Each structure stands twice: as C-alpha cells, then as structure tokens.
Amino acid sequence: MQKIRTLTAATCLAILSNTAAADSLGGLAFSETTPVTAAMTPKDDFTVVGTEDLMGLKAFNKDGTVRAIVEIPTGTSAKWEVSKDDPKAVYWEYKKGKPRVVNYLGYPGNYGAIPGTALPKELGGDGDPLDVIVLGQSVPRGEVVDVRVIGVLKMLDDGEQDDKLIAVLTKDSPFAHIESMAQLDEEFPAASQIVDLWFAHYKGPDGGMEGLGFEDAQSAREVLDAAAANFEALR
C-alpha cells in the first residue's frame, strides 16, 4: 500500500488494522470492491482524485435537470464524501480514528451531493452541499450524473434538520421517467417507504434519526434554488 507522505510505523499499523476491519465486513466497505469513475484515480485506499473542481460545477443543467456527485454507490456501506479541503477529491470519511462504515444494510440508492449548493442553518441546512439519494442502479464513486429531483425527505438528526433530496437518474434507468413522489409510489410500490425506513434506522435504535415524511418536487426545487443562490452569494 503506497502512501504519498511518510508515515510512522504506528500510523501504518493503524491504517492496516482499520483496512482489515473494513475488509471483514463482507467486502462491502473495502474500497477495492467499489468501482470508481474513470474521471478519477485512486490516490490511496482512502482517497480518489480527479482534475475537475467538483464544487465548481453548476447545480442546474440548461434543460432543468440537476447534477449530482455520487459519493456512495447503491448497495455499499462505506461512508465517502467530497473533500472540503480539495474539491477535486472524494475521500473515505474518518470517525473516531477509523474509516466510517454504516453498520446496516447498504444504501438503497446512490448517495451524494449537489454541487454549487450550500444551505445555511437559517434555511434549514448545515452550510454544506445538499444531500441527495438517487434511485437507480449503482453508479461508480465520484461520477457526476444528471438527475431529476422528485421530492425531499424531511428528517431530524438529533433534533437538527437533516433533509434528503430524492432524485432519479435521467437515463438508462427504470426510474428515468419518474417525475413525482406520487408517480414513484404508483409505479414502484413501497420504494419511498424503503428509503424512509432506511434513513430512520441506519444509525441504529438510538441513532437520533426521525423521519417527518416526504414533500413534493416543488418543495425540493425551492430548497435547491435557495441553496444555489446562497452558494453564489458566498463566492
């Protein structure tokens, strides 16, 4: 395992130990088992890097669809995210000194972030890019995909607002034609319930997550517009 910087023996042992622990979780968490977009290259077991400033991308395409950066592909459980220090990189999040793995079923969709957005706390956000769950087949980590936002799952995380946009891939997906939560529920019975239940329970029985139900595409668009405007104001 090649490293860019010089590491102490203790640090190397810690990294090897953490990687082994992740590898033991059925392979779901280990980075080598998850495809990475061709636009990015693994820097090490915990970071993939490309040439494009991901946060510099616009949230909206000209046709009204939205861009989403896939951090966690459908069915996987390792918690990766776009780096705040290097917007060209996606990294495996560390928590309590080890790579973070969701100790639950794999994500029910491609989880990621909407570039060019930042929702402040006064508008119900946390200052970070908007979270999005993209329904459809697994997409490689780091891929930027075009999606249609069809709703928003209202949630509380330890009492703080932690909403999740609900979106679908716009092509090459059985969900590509879906335009609303009502249509999703009609054509794919219980799909929204699966997403709701997953987020309410993925942190465990005492994880502090509370689902408050779904709102429609118009509500989601209002959140998107506010977050995109706030991002531009901060630049």
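Preceding block: the structure.
Residues numbered from 1 in each chain as written. Predicted model: local features only at pLDDT ≥ 70, side-chain atom pairs only at ≥ 80, totals over all residues. Heavy atoms only, no water.

Describing the nonpolar core
Counting residues in each nonpolar core, the largest one holds 21 residues, and the members touching the most others are Tyr107, Ile166, Leu184 and Phe199. When contributions to this core are tallied by element, the ones reaching two or more residues are strand S9 (130-135), strand S10 (144-157), strand S12 (164-169), helix H2 (181-187) and helix H3 (191-201). Counting residues per element, this core draws most heavily on H3, at four residues. Sequence-distant contacts of Phe199, defined by excluding residues within four places in its chain, comprise Tyr111, Ile133, Leu153, Met155, Lys164 and Met209. Ranked by size, the runner-up nonpolar core spans 20 residues in total, among them Ile114, Leu119, Val139 and Val147. (Core = buried A, V, L, I, M, F, W, Y, C linked by side-chain atoms within 4.5 Å. Buried < 20%, exposed > 50% of the residue type's maximum accessible area, 1.4 Å probe, protein only. Helix = DSSP H or I, 4+ residues; strand = E, 2+ residues; numbered from the N terminus. Contact = heavy atoms within 4.5 Å.)

Remarks on H3
For the α-helix, the turn length of 3.6 residues means that residues three or four positions removed from each other point alike. Every buried residue of H3 is listed here: Ala191, Ser192, Val195, Trp198, Phe199 and Ala200. Its buried side turned inward, H3 meets strand S8 (110-114), S9, S10, S12, H2 and strand S13 (209-216).

Notes on the pattern of salt bridges
For the coordinates displayed, the defined rule picks out nine salt bridges. Ionic pairing is found between Arg221 and Asp225, a salt bridge with its closest N-O pair at 3.1 Å. Residue Arg221 and its partner Asp225 are located together in helix H4 (residues 217-234), separated by four residues, close to a single helical turn. (Salt bridge = Lys/Arg side-chain N within 4 Å of Asp/Glu carboxyl O.)

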